[in-house]
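The residues making up each chain are set out below.
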Amino acid sequence: MSQSRSEGPRSEGPRSEGPRTEWPLWEVFVRSRQGLSHKHVGSLHAPDAEMAIQNARDVYTRRQEGQSIWVVPSAEIVASSPDDKGELFDPANDKVYRHPTFYSVPDAVENM
Amino acid sequence: MTNVTGLQAGESAEEQAFQAKIDREERIEPKDWMPEGYRKTLVRQISQHAHSEIVGMLPEGNWVTRAPSLKRKAVLLAKIQDEAGHGLYLYSAAETLDASRDEMTEALHDGRAKYSSIFNYPTLSWADIGAIGWLVDGAAIVNQVALCRCSYGPYARAMERICKEESFHQRQGYEIMMVLAQGTPEQKEMAQDALNRWWGPALMMFGPHDSNSVHSSRNMAWKIKRRSNDDLRQQFIDMTVPQAEYLDLSIPDPDLTWNEETGHYEVGPIDWDEFERVVKGGGPVGRERIRDRRRAWEEGAWVREAALAHAEKRRQRKMQAAAE
């Protein structure tokens with residue numbers, strides 16, 4: 001697992017030398033309407049959570065795309081590593097019996 | 001040498017697997033393995049694209065106070081705010097490739113990064129705002145719709161958002177042109193003058209001819225680019241000529257002809273010497289654009305610092321309160 005920077009970094013650690021005066025990066029999630037879950041829409045820089053919400057409103061919901069916004073510091077997101085994709089998702093590979101299509105039901109049996 | 005699939009002699013297993021994934025039309029996501037050249041090309045292209053959106057606010061900002069009505073002012077402001085938003089979506093996509101935002105900004109300000117040469121032309125009359133929306137945003141849409149299928153996920157997703165919003169830009173521009181073209185003779189003259197000045201630069205927005213395009217074949221293999229410069233330019237020409245006819249304005253090209261056989265319009269030679277000059281930061285207002293961007297950045301420095309200091313102070317207070 002690795003710390004995430006904007007959709008997950010490809011490498012860990014600082015990206016460059018020099019003074020870091022950049023505002024921290026936040027990941028933005030928007031609920032487009034009631035009944036749907038929040039969905040990742042992108043990232044932005046802001047000095048704190050309050051400003052991150054304000055900026056997210058201006059950047060990602062200029063056309064009524066949102067009913068609710070979540071912002072999360074990018075550094076706080078922990079992501080699975082693509083290198084472990086094989087092992088991590090392997091347990092699901094050989095369990096076809098978890099799918100309804102694994103079972104044959106005669107055509108005569110309806111509503112199933 | 002690159003062959004059609006982009007596979008090269010001596011490629012590593014990782015590189016071959018990467019290319020195979022792209023050939024299968026699978027999207028590449030930020031944390032996936034990718035060749036350094038792919039990453040660098042994308043950072044260059046996405047950041048240039050972002051810079052173009054940001055610099056693109058300047059020629060339009062020139063007309064906010066002089067737009068002819070309150071409605072036009074409100075529309076222009078909304079459009080400029082969209083350009084800022086588009087720049088931010090794109091910077092955000094570049095940051096998924098470990099590009100630093102400050103470094104991208106610095107590269108623009110010290111002239112290392114390019115942006116679309118179209119913004120190095122001045123907006124001399126109100127009709128120019130119409131011509132920009134109609135032609136410049138129209139050309140951008142043709143380019144960007146193709147980029148929605150780019151192999152890099154975050155870039156393609158940013159493009160989808162942008163395309164949805166860009167259509168408003170083009171339509172409001174065409175409407176401005178329509179009002180002028182159907183107005184007094186002087187107004188129609190203004191519209192024609194704007195078309196005369198923006199047509200050539202708009203055609204250049206698609207970049208050099210395919211035969212002279214440096215990065216094309218590799219980027220096509222990587223599906224960073226899906227359609228060639230000339231192909232996209234032709235689509236734009238075929239779309240736009242009838243739109244000009246509807247306005248009863250003439251395309252400023254004596255060689256423009258309709259080819260019955262191919263079903264396409266053919267244009268005269270494009271002035272690539274001018275293109276080269278303007279790309280290199282020349283152009284009537286190239287220096288002014290960067291000067292304005294730098295000034296905005298420098299004059300905003302205290303706000304960025306104060307906001308950080310304020311956030312830090314609040315964080316400290318919160319920690320103190322928790323400790324008590």
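Read on for a plain summary of the structure. (Residues numbered from 1 in each chain as written. Chains lettered and ligands numbered in written order. Predicted model: local features only at pLDDT ≥ 70, side-chain atom pairs only at ≥ 80, totals over all residues. Heavy atoms only, no water.)

1. Here's the deal with the packing of aromatic side chains
Residues and elements named next belong to chain B. In plain terms, the rule: Whether two aromatic rings pair depends on their centres lying within 6.5 Å, for rings of Phe, Tyr and Trp, where Trp uses its six-membered ring; planes under 30 degrees apart make the pair stacked, over 60 edge-to-face, and the rest tilted. Counting from the N terminus, the helices are DSSP H or I runs at least four residues long and the strands are E runs at least two residues long. Think of it as a cone above the ring: NZ of Lys or CZ of Arg counts as a charge over the ring if it is within 6 Å of the ring centre and within 35 degrees of the ring normal.
Per the stated rule, a full pass over the model turns up 14 aromatic pairs over all chains. Residues phenylalanine 18 and tryptophan 33 carry aromatic rings whose centres are separated by 6.1 Å and whose planes lie at 80° to one another, so their mutual orientation is edge-to-face. Of this pair, phenylalanine 18 sits in helix α1 (residues 13–23) while tryptophan 33 sits in the loop between α1 and α2 (36–55), and the two are 15 residues apart along the sequence. Measuring from ring centre to ring centre gives 5.6 Å for tryptophan 134 and tyrosine 174, while their planes differ by 70°; the resulting arrangement is edge-to-face. Here tryptophan 134 is found in helix α6 (residues 126–147), whereas its partner tyrosine 174 is found in helix α7 (residues 153–181), with 40 residues between them in sequence. It is arginine 66 that lies over the ring of tryptophan 63; its NZ or CZ is 4.1 Å from the centre.

2. Quick word on the interface of chain A and chain B
The accessible area lost on association of the parts is a frequent measure of interface size. Quick note on the threshold: Note on contacts: a residue pair qualifies if any of its non-hydrogen atoms lie within 4.5 Å across the two residues. Here's the idea: put two parts together, see how much 1.4 Å probe accessible area each one loses, and the total over both is what we call buried area. Basic side-chain nitrogens of Lys or Arg form a salt bridge, by our definition, when they fall within 4 Å of a carboxyl oxygen of Asp or Glu. For the purposes of these results, a polar contact is taken to be a pair of N or O atoms within 3.5 Å, where, inside protein, one atom must be able to donate a hydrogen and its partner to accept one; residues adjacent in sequence count only when each atom of the pair is a side-chain atom. In the scheme used here, Gly and all other residues not listed as nonpolar or charged are polar, with Ala, Val, Leu, Ile, Met, Phe, Trp, Tyr, Cys and Pro taken as nonpolar and Asp, Glu, Lys and Arg as charged.
At the interface, 32 residues of chain A touch 33 residues of chain B. Between chain A and chain B, roughly 2,800 Å² of surface is buried when both sides are summed, and carbon and sulfur atoms account for 45% of that area. One can count 6 salt bridges joining chain A with chain B. Here Arg314(B) makes a salt bridge to Asp48(A), at a shortest N to O gap of 3.9 Å. On inspection of chain A and its partner chain B, the count reaches 15 residue pairs in polar contact (both at pLDDT 80 or more). Elements represented by at least two residues in the side of chain A that touches chain B include exactly β3 (39–45) and α1 (49–60) of chain A. Among the residues forming the side of chain A that touches chain B, the class breakdown is 10 nonpolar, 11 polar and 11 charged.

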